[in-house]
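Structure assessment
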Amino acid sequence: MKLVLAIVQDDDAMDLIEELTDKNFRVTKLATTGGFLKSGNTTLMIGVEKEVVKDVVKVIEDVCKRRKEMVSTPAPTTIGSGSGMYMPYPIEVEVGGATVFVLDVDQFYKV
Ligand code: 2BA
């Protein structure tokens, strides 16, 4: 058995869950936060037999879109007398479609 961990954008999460559950995959949704943008994203845990991992990844690929996000990054900028103030400036990053990890499951119980 494998555990697929998929980090997706919040905007894609509900469509993806619907698509996966329609195809009879079991999904657990976690509310997570990206370390770089420090904004919310969604992590889905999907436990499946190894033969169908590729089917799960295909669904994720079909649903999740790439998007551009603007992020304001504090950059050290010297102003005037050189007092060392920090001026934020916006940078564009491309986020997604999805970041997917596939892990081996050692043991699985439903008790
Ligand atoms: P964040 O860490 O908030 O990153 C959002 C997006 O910012 C990333 O999109 C990437 O385009 C950019 N980014 C991240 N770190 C960067 C850096 N050091 N310099 C420049 N740009 C950077 P994605 O790569 O699509 O990642 C989306 C989310 O997936 C990430 O949100 C994070 O929550 C997760 N993630 C990605 N790679 C991961 C990894 N190796 N381990 C754990 N989580 C990961």
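Residues numbered from 1 in each chain as written. Predicted model: local features only at pLDDT ≥ 70, side-chain atom pairs only at ≥ 80, totals over all residues. Heavy atoms only, no water.

The protein chain appears in an unreviewed UniProt entry as Cyclic-di-AMP receptor from Clostridium saudiense.

Every residue close to the ligand is listed here: Ile7, Gly34, Gly35, Phe36, Leu37, Asn41, Val93, Glu94, Val95, Gly96, Thr99 and Phe101. Separating an oxygen atom of the ligand from a backbone N or O atom of Phe36 is a distance of 2.9 Å. When isolated, the ligand has an accessible area of 750 Å², and the protein chains bury 51% of it. Breaking the shell around the ligand down by element, the ones donating at least two residues are strand E5 (86-95) and strand E6 (98-104). With three residues, E5 is the single largest residue contributor to the shell around the ligand. Of the residues in the shell around the ligand, the class split is six nonpolar, five polar and one charged. (Near = heavy atom within 4 Å. Polar contact = N/O pair within 3.5 Å; in protein donor to acceptor, adjacent residues only side chain to side chain. Areas by Shrake-Rupley, 256 points an atom, 1.4 Å probe, with all protein chains shown as cover. Helix = DSSP H or I, 4+ residues; strand = E, 2+ residues; numbered from the N terminus. Nonpolar A, V, L, I, M, F, W, Y, C, P; charged D, E, K, R; others polar.)

Turning to the side chain of Thr43, a few remarks are in order. Its location among the elements puts Thr43 in strand E3 (residues 40-48). You can call Thr43 buried: its relative accessible area is 10%. Other than its neighbours up to four places away in sequence, Thr43 contacts Leu5, Ala6, Ile7, Thr28, Lys29, Leu30 and Thr32. (Buried < 20%, exposed > 50% of the residue type's maximum accessible area, 1.4 Å probe, protein only. Contact = heavy atoms within 4.5 Å.)

Take helix H2 (residues 53-63) next. Inspection of H2 places Val53, Val56, Val59, Ile60 and Val63 among the buried residues, and these make up the whole buried set. Looking straight down H2, one finds its buried side chains confined to an arc of 125°; they lie on one side. For H2, the exposed residues lying more than 90 degrees away from the buried face are Lys54, Glu61 and Asp62. Structurally, H2 contributes buried residues whose contacts are with strand E1 (2-8), helix H1 (10-22), E3 and E6. (Arc of directions from axis to C-beta.)

This paragraph deals with the pattern of salt bridges. Evaluation of the coordinates by the stated rule reveals seven salt bridges. Asp12 is paired through a salt bridge with Arg67; the nearest N and O atoms lie 3.0 Å apart. With a gap of 55 residues between them, Asp12 in helix H1 and Arg67 in strand E4 (residues 67-76) connect regions that are remote in the sequence. Judged by its relative accessible area of 1%, Asp12 is buried. With a closest N to O distance of 3.0 Å, Asp62 and Lys58 form a salt bridge. Note that Asp62 and Lys58 are positioned in helix H2 at a spacing of four residues, about one turn of the helix. A relative accessible area of 45% places Lys58 in the partly exposed class. Connected through salt bridges with shared partners, the residues Arg66, Lys68 and Glu94 form a single ionic network. (Salt bridge = Lys/Arg side-chain N within 4 Å of Asp/Glu carboxyl O.)

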